[in-house]
Structure formats: structure tokens, C-alpha cells
Amino acid sequence: MSIRKQITELLTEKECDARMISQQLGISEKEAYDHLPHIIRSVSAMGKTLIVSAPRCMNCGYEFKTRKRISKPGRCPVCKKERIEPPGFRIE
Ligand SMILES: [Zn+2]
């Protein structure tokens, strides 16, 4: 089974962030982020949606809701801290 198929199955079962994907499938977090745009397209072709939860600042609670990119933000625009909870992904 291809990595993309495995990620698709994983995200259908439960919401995961890139770290969880990387640990489950033995790939790097960067690879997980690289696969996601392709998976978004392939699941929409199957009539499903990959839902991205907003990354959130663990310091002040700021949510990166307007972000279009699916990677993890570097730091919070409000408090400037770098403790960011990464975006979560699930397929419905
Ligand atoms: Zn913050």
C-alpha cells in the first residue's frame, strides 16, 4: 500500500497531526506535510473532505484560522511565542 493510501486510511480512522502521521508510518513530518496536498485532491475526487483543524498558540490561545497553508506556523503573531499546537487532519 502506498504511503498516501496509508495516510488516507489513518486520517479516516482518527484525527492526526503531522507528528502522529510521521510516527505511525515511519516517515518524516516534512514528508507528511508534502503528501497532504495530494491527499486533499485524491479524497475530494472520492467525494470526501480532508478537514484541517486550525493550529493554535499554546501560550495565548490564538487560532490561525485564516491560514491557507497546511504547514505548522513558526510563531504566534500575537504573543510572538513559538509554542504552536500543529494543525490536525481528518477525513470525513
Ligand atoms: Zn500566542
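A brief report on the enclosed structure follows.

Taken together, the protein donors to the zinc ion comprise C57 (SG), C60 (SG), C76 (SG) and C79 (SG), at separations of 2.3 to 2.4 Å. Bound by four donor atoms, the zinc ion shows angles of 102 to 118° at the metal and therefore tetrahedral coordination geometry. Binding-site remark: the zinc ion is held by donors from one chain whose sequence spacing is C-x2-C-x15-C-x2-C. You can call C60 partly exposed: its relative accessible area is 38%.

It is worth spelling out the nonpolar core at this point. Counting residues in hydrophobic clusters, the biggest one holds 17 residues, and the most contacted among them are I7, L11, I21, L36, L50 and F89. When residues of this core are traced back to their parent elements, those giving at least two are α1 (3–13), α2 (18–25), α3 (29–45) and β5 (88–91). Not counting the four nearest positions on each side in its chain, L36 is found in contact with L11, L50, I70 and F89.

Moving on, we come to the pairing of β5. When strand β1 (residues 16–17) meets β5, the two strands line up antiparallel, connected through two bridges. Each residue of the ladder has a partner; that of C16, found in β5, is F89. Across three bridges, the pairing between strand β2 (residues 50–52) and β5 is antiparallel. When the bridges of β5 are listed, I51 appears paired with R90.

This brings us to α3. Each α-helix winds once per 3.6 residues, and so residues spaced three or four apart point in a common direction. Between its first and last C-alpha, α3 extends 25 Å over 17 residues, near the 24 Å set by a 1.5 Å rise per residue. At L36, α3 is bent by approximately 30°, the largest bend along its length, and proline P37 sits one to four residues beyond. Listed as buried for α3 are A32, Y33, H35, L36, I39 and V43. In the stretch just after α3, G47 is the one whose phi turns positive, near 80°.

Glancing now at the sheet that holds β2. One open sheet accounts for three strands, arranged β1-β5-β2; its pairing is antiparallel. Strands with a single pairing partner mark the edges of an open sheet, and in this sheet they are β1 and β2. Helix-sheet contacts for α1 involve β1, β2 and β5, and the interaxial angle to β5 is about 90°.

A few words now on the packing of aromatic side chains. Each pair of aromatic rings is reported with the distance of its centres and the angle of its planes. Under the criterion given, the structure shown has two aromatic pairs. Ring geometry for Y33 and F89: centres 6.3 Å apart, planes at 80°, overall edge-to-face. In this pair, Y33 is assigned in helix α3 and F89 in strand β5, connecting sequence segments 56 residues apart. Measuring from ring centre to ring centre gives 4.9 Å for Y62 and F64, while their planes differ by 80°; the resulting arrangement is edge-to-face. Assessed through its relative accessible area of 29%, Y62 is described here as partly exposed.

Criteria and thresholds
- Numbering of residues starts from 1 in every chain and runs along the sequence as written.
- For a predicted model such as this one, the threshold for reporting local features is a pLDDT of at least 70, and the threshold for listing and counting side-chain atom pairs is 80 or more; totals across whole chains, interfaces and linings nevertheless cover every residue.
- Water and hydrogen atoms play no part in the side-chain values, which are based on all heavy atoms of the structure.
- Counted as coordinating are nitrogen, oxygen and sulfur atoms within 2.8 Å of the metal, or 3.2 Å for Na, K and Ca, while water is not included, which may make sites look incomplete.
- Angle rules define the geometry names used: all angles between 85 and 135 degrees makes four donors tetrahedral, while opposite donors over 155 degrees apart and all other angles between 65 and 115 make four donors square planar and six octahedral, leaving every other case irregular.
- Between buried and exposed lies partly exposed: a residue is buried under 20% and exposed over 50% of the maximum accessible area for its type, with that area taken using a 1.4 Å probe on protein chains only.
- Throughout this description, the term nonpolar core refers to a set of buried Ala, Val, Leu, Ile, Met, Phe, Trp, Tyr and Cys residues connected via side-chain atoms within 4.5 Å.
- By definition, any uninterrupted DSSP run of H or I lasting at least four residues is a helix, any uninterrupted run of E lasting at least two residues is a strand, and each is numbered from the N terminus.
- Here a residue-residue contact requires only that any non-hydrogen atoms of the pair lie within 4.5 Å.
- Being paired, for any two strands, means DSSP has found at least two bridges between them.
- Each helix should span, by expectation, one fewer than its residue count multiplied by 1.5 Å.
- Bend is computed residue by residue as the angle between axes fitted to the seven residues ending at the residue and the seven residues starting at it.
- Angular values range over 0 to 180 degrees, each being the angle between N-to-C directions of two axes fitted as lines to C-alpha atoms, with helices fitted over their stretch in contact.
- Any Phe, Tyr or Trp ring, taking Trp's six-membered ring, that has another such ring centre within 6.5 Å forms a pair; planes under 30 degrees apart are called stacked, those over 60 apart edge-to-face, and the others tilted.

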